[in-house]
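Listed here are the chains, written in short residue letters.
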Amino acid sequence: MKTYKQNETPEFEMIRAAAPEDEGARQYYFIEQARILWKQQFDGLVDSGEAAARYEGSLLSELQAEGKYGTFHIATFGCQMNARDSEKLCGILEQIGLKGVESENADLVLYNTCTVRDNANQKVYGRLGYLQTLKKKRPGMMISLCGCMMQEPSVIEKIQKSYSYVDLIFGTHNIFKLAELLCCRMMSENRMVVDIWKDTDKIVEELPVDRKYSFKSGVNIMFGCNNFCSYCIVPYVRGRERSRKPEDIVSEIKKLVADGVVEVMLLGQNVNSYGKNLEKPMTFAELLREINKIEGLERIRFMTSHPKDLSDDLIKAMRDCEKVCNHLHLPLQSGSSRILKLMNRHYDKEGYLALVDKLRAAIPDIALTTDIIVGFPGETEEDFEETMDVVRRVRYDSAFTFIYSKRTGTPAAAMEQVPEDVVKERFDRLLKEVQKISSEVCGRDLHTTQKVLVETLDDHKEGYVTGRLSNNTVVHFPGDESLIGKIVDVWLEESKGFYYMGKQVERQES
Ligand code: 5AD
Ligand code: SF4
């Protein structure tokens with residue numbers, strides 16, 4: 001499906017005809033064009049005196065002082081991949097000359113959506129109603145939707161039919177085109193612009209990015225997924241697996257480090273199968289070793305790892321690379337071999353437990369976290385008990401637990417569903433067990449000194465900061481803003497179950 005051409009005007013066609021061919025250069029060209037359009041609009045509002053009412057308080061003078069031509073608000077739903085996409089969207093909008101604001105009462109509101117479970121979809125529909133009331137009071141306000149949910153044809157149909165006040169819709173494969181699409185919409189005489197790509201092999205490098213944190217950053221190493229777990233909609237909305245070239249990844253990380261980043265999170269739906277489709281194939285273990293050499297980088301995290309692809313070489317690389325954090329997120333999904341087979345996961349209970357043993361033999365204090373789905377079609381009490389058994393044996397640091405959500409178009413949607421009350425009861429039992437174990441496990445470093453990356457001021461306690469250990473556990477300790485982004489030594493004084501209270505100590509040799 002690719003329909004936005006229907007709504008292109010001859011004026012936009014002229015602008016487009018003059019665009020450079022190289023995709024990066026082309027988007028910078030559209031950023032400039034969009035900037036001109038927003039500036040015209042903003043100057044019009046200022047000249048007519050409407051700007052003062054539209055930008056309340058000191059906002060108008062802030063915009064003028066910063067050389068901006070309007071405001072935007074991005075709301076992100078879902079995973080870290082979406083969070084990173086939003087940073088890219090933010091970067092483009094800033095470059096166009098818009099200012100990011102907290103309120104949804106903005107000139108452009110963009111929802112970056114998730115569709116992995118149905119409750120995420122429902123949230124978006126609910127909030128669209130609210131946006132309509134805002135738009136009625138703010139003529140010219142633009143509402144845009146993008147991300148995974150937009151890759152579903154039934155969603156697009158519903159929005160076109162029932163939410164016709166939405167201005168611009170695009171998907172997961174073409175977020176790099178935001179400036180071009182905005183130009184198109186601004187020159188399209190009030191018609192909804194829709195541009196969804198079914199799939200892509202395109203990876204556009206070097207576009208602007210506005211990071212949420214100065215000291216840490218996500219880095220996409222690959223896009224898409226080839227696994228087709230039978231419950232999961234991701235392969236349908238994020239397309240086939242594509243890896244970025246190692247030299248592009250390394251050069252991005254070097255630039256981030258030069259810009260103050262000390263921790264990177266390598267992102268992919270299944271990082272363990274990185275590099276298979278490259279011209280010169282490379283494994284994820286090899287990539288980790290390359291990234292580990294980058295001077296000035298302190299910490300490397302990654303997610304997500306599929307158990308079926310976790311090689312011995314990767315375990316060795318994790319053990320040997322001193323910058324790789326002491327934490328692995330290893331989704332279990334179910335502890336029942338029968339259900340795992342129905343889920344198309346390509347491992348069984350014994351295989352998973354053997355992998356955990358192997359990991360712990362190589363890296364004894366590694367923190368393990370996981371994802372578990374309760375109530376997959378056909379799950380019996382015995383199947384569920386197998387999941388509980390794995391949870392008790394592995395003793396995860398933490399686990400994300402999900403109630404199975406039926407996703408149209410996936411094989412599991414056609415299987416016999418488990419009654420809701422049964423699922424809910426199992427879910428509560430699992431959550432209780434997970435939390436009990438987690439509170440026992442998380443205190444394992446009590447009364448030791450650990451390196452902590454300070455992330456924020458403490459939300460709850462004045463004069464305190466919040467940071468993370470290498471194994472991802474949170475610690476609060478007395479400190480101020482000057483520590484944010486620094487790695488310091490902290491004595492873990494008290495364990496509170498899921499986090500520690502500590503105090504900073506003199507730097508010790510690692
Ligand atoms: N229902 C519930 N949970 C799901 N996940 C993926 N698809 C579904 C679904 N249909 C969970 C998996 C995955 C995590 C990101 O979301 O546990 O690892
Ligand atoms: Fe979904 Fe499975 Fe791919 Fe993860 S590995 S994104 S659960 S299909």
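Residues numbered from 1 in each chain as written. Chains lettered and ligands numbered in written order. Predicted model: local features only at pLDDT ≥ 70, side-chain atom pairs only at ≥ 80, totals over all residues. Heavy atoms only, no water.

You'll find the chain entered in an unreviewed UniProt entry as tRNA-2-methylthio-N(6)-dimethylallyladenosine synthase, with Ventrimonas faecis given as the organism. As stated in UniProt under Subunit (unreviewed entry), the record for the chain gives "Monomer." (UniProt positions renumbered as here; feature names shortened; annotations may be inferred.)

J.: Can you tell me about the pairing of strand β13 (residues 367-374), naming the residues and giving the values?
T.: With eight of eight residues buried, β13 lies mostly within the body of the structure. Of the two faces of β13, the one holding Ala 367, Thr 369, Asp 371 and Ile 373 and the one holding Leu 368, Thr 370, Ile 372 and Val 374 are both buried throughout. Summarising the sheet, strand β12 (residues 327-329) and β13 pair through three bridges and their orientation is parallel. Bridge pairing links Leu 328 to Leu 368 in β13. Alignment of β13 against strand β14 (residues 398-403), held across six bridges, turns out to be parallel. In the sheet register, Ile 372 faces β14, and the bridge partner there is Thr 401. Each parallel crossover has a hand, and for β13 linked through helix α15 (residues 381-394) to β14 it is right-handed. (Buried < 20%, exposed > 50% of the residue type's maximum accessible area, 1.4 Å probe, protein only. Helix = DSSP H or I, 4+ residues; strand = E, 2+ residues; numbered from the N terminus. Pairing = 2+ DSSP bridges. Right-handed = clockwise from strand over helix to strand, strands pointing away.)

J.: Describe the sheet that holds β14, naming the residues involved and giving the relevant values.
T.: Strand order across the open sheet formed by three strands is β12-β13-β14, with parallel pairing between neighbours. The open sheet has two edge strands, β12 and β14, and neither has a second partner. Strand after strand, the sheet turns through a mean of 10° between neighbouring axes, direction not considered. In the packing of helix α16 (residues 420-441) onto the sheet, the strands contacted are β13 and β14, and the crossing angle to β14 comes to about 175°. (Axes fitted to C-alpha atoms, helices over the stretch in contact; angles between N-to-C directions. Contact = heavy atoms within 4.5 Å.)

J.: Got a sec to walk through the site of ligand 2? Specific residues and values, please.
T.: Residues in close proximity to ligand 2 include Cys 225, Asn 227, Phe 228, Cys 229, Tyr 231, Cys 232, Val 234, Pro 235, Gln 269, His 306 and Arg 345, which together make up its full environment. The residue makeup of the shell around ligand 2, split by class, is seven nonpolar, three polar and one charged. (Near = heavy atom within 4 Å. Nonpolar A, V, L, I, M, F, W, Y, C, P; charged D, E, K, R; others polar.)

J.: Please give an account of the UniProt feature "domain: MTTase N-terminal" (unreviewed entry) in the chain that cites residues and values.
T.: UniProt's entry tags residues 70-187 with the feature "domain: MTTase N-terminal" (unreviewed entry), counted in the numbering of this structure. Overall, residues 70-187 shows 47% helix and 19% strand. The separation of its end C-alpha atoms is 17 Å.

J.: Let's hear about the nonpolar core: which residues, and what values?
T.: Soluble globular proteins: nonpolar side chains tend toward being buried together. In terms of nonpolar packing, the biggest core is built from 71 residues, with Ile 253, Leu 266, Phe 284 and Ile 291 touching the most fellow members. If you tally residues by element for this core, the top one is α16, at six residues. Composition of this core by domain shows at least three residues from each of domain 2 (213-299) and domain 3 (326-441). Once you skip the residues sitting within four places of it in the chain, Phe 284 turns out to touch Ile 221, Leu 266, Val 271, Asn 272, Tyr 274, Phe 302 and Leu 314. (Core = buried A, V, L, I, M, F, W, Y, C linked by side-chain atoms within 4.5 Å. Domains from an automatic or database assignment.)

J.: Would you mind going over α15 in detail, with residue names and values included?
T.: Taking 1.5 Å of rise per residue, the 14 residues of α15 would be expected to cover 20 Å, and the 20 Å separating its terminal C-alpha atoms lies within 8% of that figure. Every buried residue of α15 is listed here: Asp 383, Phe 384, Thr 387, Met 388, Val 390, Val 391 and Val 394. In an axial view of α15, the angular spread of the buried residues amounts to 155°, which keeps them on one side of the axis. For α15, the exposed residues set more than 90 degrees away from the buried face come down to Glu 382 and Arg 393. Just downstream of α15 lies Arg 395, where phi reads positive at about 55°. (Expected span 1.5 Å × (residues − 1). Arc of directions from axis to C-beta.)

J.: Describe the packing of aromatic side chains, listing the residues and the values that go with them.
T.: In total, this model carries 14 aromatic pairs according to the counting rule given. On the numbers, 5.9 Å between centres and 50° between planes, the contact of Phe 42 with Tyr 55 is tilted. With Phe 42 in helix α2 (residues 23-48) and Tyr 55 in the loop between α3 (51-54) and α4 (59-66), this pair connects stretches of sequence that are 13 residues apart. We classify Phe 42 as buried; its relative accessible area is 5%. Judged by centre distance (5.0 Å) and plane angle (80°), the ring pair of Phe 284 and Phe 302 falls under edge-to-face. Of this pair, Phe 284 sits in helix α11 (residues 284-292) while Phe 302 sits in strand β11 (residues 299-303); the two residues are 18 residues apart in sequence, bridging distant segments of the chain. Every member of this aromatic cluster is reached through a ring pair, and the members are Phe 12, Tyr 29 and Phe 30. Positioned above the aromatic ring of Phe 402, the side-chain terminus of Arg 117 is 3.8 Å from the ring centre. (Phe/Tyr/Trp six-rings, centres within 6.5 Å; stacked < 30°, edge-to-face > 60°. Lys NZ or Arg CZ within 6 Å of the ring centre and 35° of its normal.)

J.: Describe the UniProt feature "domain: TRAM" (unreviewed entry) in the chain, and please don't skip the residues or the numbers.
T.: In this structure's numbering, the residues bearing the UniProt feature "domain: TRAM" (unreviewed entry) are residues 439-506. Structurally, residues 439-506 is divided into 4% helix and 53% strand, and its ends, taken at the C-alpha atoms, are 28 Å apart.

J.: Residues and numbers for the side chain of Lys 216, please.
T.: Considering the arrangement of structural elements, one finds Lys 216 in strand β7 (residues 216-220). In this structure the side chain of Lys 216 is engaged in a polar contact, spanning 3.1 Å, whose partner is the side chain of Glu 455. Discounting residues that sit within four places of it in the chain, Lys 216 has contacts with Arg 211, Val 261, Glu 263 and Glu 455. (Polar contact = N/O pair within 3.5 Å; in protein donor to acceptor, adjacent residues only side chain to side chain.)

J.: Hey, could you go over the environment of Lys 358 for me, with residue numbers and the actual values?
T.: With respect to the secondary-structure elements, Lys 358 resides in helix α14 (residues 349-362). In sequence terms Lys 358 and Asp 312 are 46 residues apart; their C-alpha atoms lie 8.6 Å from each other. Those residues in contact with Lys 358 that lie beyond four places of it in its chain are Asp 312 and Ile 315.

J.: Describe unusual backbone geometry, naming the residues involved and giving the relevant values.
T.: Cis peptide bonds are those with omega within 30 degrees of zero, and the linkage from Met 303 to Thr 304 qualifies with 5°. By secondary structure assignment, the location of Thr 304 is in the loop between β11 and α12 (312-320). Even without being glycine, Asn 472 reaches a positive phi, approximately 80°. Structurally, Asn 472 can be placed in the loop between β16 (464-469) and β17 (474-478).

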